[in-house]
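Remarks on the overall topology
One letter stands for each residue in the lines below.
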Amino acid sequence: SLGASERARAARLANDTLRWAQRADRMIGRHIRQRPPEDVLNALRLGACELHVAGEAAHGVVSSLVSLVRKRTGEEGLVRMTNAVLRKIARADDWDKLPVPELPKPLRKRLLAAYGKSRVAAMERVHVAAPPLDLSAKDDPQAVAKAVEAGVGKKVTVKVGGKVDDLHGAPLEVTGTVEFIHDG
């Protein structure tokens, strides 16, 4: 059973891998002769995203995914291929230069007909962009007081969460900019 932070990380990695699968496949395709089994391909996709989206350290990503492929398949050829491909992907410096992943074909086709190529391309760029993080201080008088004291446009550091129960972990110290203040 995973703890709260591990579950959140797993969800983030799954979302990133789904969002960036096309770009990961392009990078993986440079280094393989034939398509590996689906679970190995998914491990390679996950590795590409951990390396180039999450910015994780190469040695940890490669080691953990090589172990996973060894456990899942037991085939040393696939293990060696996973190791080699992930090491090459870790050294690649052109992730950001690869094309933005396209929306699923049936949806993309309808959107192209309705809005045209330039607007659909803009939609696809937004789709892969990291969403902004909204930390609203609800029912947290100390955080609200610090934000009001700092003022709009100013940076503030507060401890959020973990004040009602410990189901979701201890309070987390965050620093951010006060975007606006309102009473409801």
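Once that is clear, we can look at the overall build of the protein chain. Helices and strands together make up the secondary structure of the protein chain, namely eight helices and two strands. If you list the helices and strands of the protein chain from N to C, you get α-α-α-α-α-α-α-α-β-β. Rg of the C-alpha trace for the protein chain: 21 Å, well past the compact-globule value of 16 Å for 184 residues, more than 25% over. Projected onto its principal axes, the C-alpha coordinates of the protein chain cover approximately 60 × 45 × 30 Å. Taken across its 184 residues, the protein chain has 28% of its residues classed as buried. Sequence-distant contacts, at least 24 apart, represent 54% of the contacts inside the protein chain between residues at least 6 apart. Across the protein chain, the mean location of the 31 positive side-chain charges is 9 Å away from that of the 23 negative side-chain charges.

Let us now look at the pattern of salt bridges. Counted under the stated rule, the structure contains eleven salt bridges. In this structure, the salt-bridge partner of Asp25 is Arg45, at a minimum N-O distance of 2.7 Å. Of this pair, Asp25 sits in helix α2 (residues 21-29) while Arg45 sits in helix α3 (residues 38-52), placing them 20 residues apart in sequence. Residue class for Arg45 comes out buried when judged on its relative accessible area of 11%. When the shortest N-O distance is used, the salt bridge between Arg70 and Glu76 registers 3.1 Å. For Arg70, a relative accessible area of 39% corresponds to the partly exposed category. Among the ionic contacts, a cluster of salt bridges with common partners joins Asp25, Arg35, Glu38 and Arg45.

Counting 26 residues, the largest nonpolar core has Leu44, Ile89 and Trp95 as the members making the most contacts within it. For this core, the secondary-structure elements that each account for two or more residues are α2, α3, α4 (58-73) and α5 (76-91). Element by element, the count of residues in this core is highest for α3, at seven residues. Apart from residues lying up to four places away in sequence, Ile89 is in contact with Met27, Ile28, His31, Ala48, Leu51 and His52.

Glancing now at the environment of Phe180. Looking at the secondary structure, you find Phe180 in the segment after β2 (172-177). Expressed as a C-alpha distance, the spacing of Phe180 and Val148, which sit 32 residues apart in the sequence, is 9.2 Å.

Scanning all chains against the criterion turns up one aromatic pair. Where Trp20 meets Trp95, the ring centres are 6.0 Å apart and the plane angle is 50 degrees; that geometry is what we call tilted. Of this pair, Trp20 sits in the loop between α1 (4-19) and α2 while Trp95 sits in the loop between α5 and α6 (105-115), placing them 75 residues apart in sequence. Overall, the relative accessible area of 4% leaves Trp95 in the buried class.

Our focus in this paragraph is the side chain of Arg45. A polar contact of 2.7 Å, which involves the side chain of Arg45, links it to the side chain of Asp25. A distance of 3.4 Å separates the side chain of Arg45 from the side chain of Glu38, its partner in a polar contact. With sequence-adjacent residues up to four places away left out, Arg45 is seen in contact with Thr17, Ala21, Ala24, Asp25, Ile28, Arg35 and Glu38.

In this section: the packing of α6 against helix α7 (residues 117-128). In the contact formed by α6 and α7, the axes pass within 7 Å of each other and the chain directions differ by 130 degrees. Judged by the angle between their axes, α6 and α7 are oblique. Across the interface between the two elements, Arg108, Leu111, Leu112 and Tyr115 from α6 touch Lys117, Arg119, Val120, Met123 and Glu124 from α7. Each residue belonging to the contact of α6 with α7 can be placed in one class, and the counts come to five nonpolar, no polar and four charged.

Here the focus is a positive patch on the surface. There is a patch of like positive charges on the surface, built from Arg33, Arg87, Lys88 and Arg91. Note on placement: Lys88 falls in helix α5.

The rules we used
Residues numbered from 1 in each chain as written. Predicted model: local features only at pLDDT ≥ 70, side-chain atom pairs only at ≥ 80, totals over all residues. Heavy atoms only, no water. Helix = DSSP H or I, 4+ residues; strand = E, 2+ residues; numbered from the N terminus. Rg over C-alpha atoms; globule rule 2.2 N^0.38 Å. Buried < 20%, exposed > 50% of the residue type's maximum accessible area, 1.4 Å probe, protein only. Contact = heavy atoms within 4.5 Å. Lys, Arg positive; Asp, Glu negative; His and termini not counted. Charge placed at Lys NZ, Arg CZ, Asp CG, Glu CD. Salt bridge = Lys/Arg side-chain N within 4 Å of Asp/Glu carboxyl O. Core = buried A, V, L, I, M, F, W, Y, C linked by side-chain atoms within 4.5 Å. Phe/Tyr/Trp six-rings, centres within 6.5 Å; stacked < 30°, edge-to-face > 60°. Polar contact = N/O pair within 3.5 Å; in protein donor to acceptor, adjacent residues only side chain to side chain. Axes fitted to C-alpha atoms, helices over the stretch in contact; angles between N-to-C directions. Parallel < 35°, antiparallel > 145°, perpendicular 65-115°, else oblique. Nonpolar A, V, L, I, M, F, W, Y, C, P; charged D, E, K, R; others polar. Patch = residues over 30% accessible without salt bridge, like charges linked within 9 Å, V, L, I, M, F, W, Y side chains within 5 Å. Areas by Shrake-Rupley, 256 points an atom, 1.4 Å probe, with all protein chains shown as cover.

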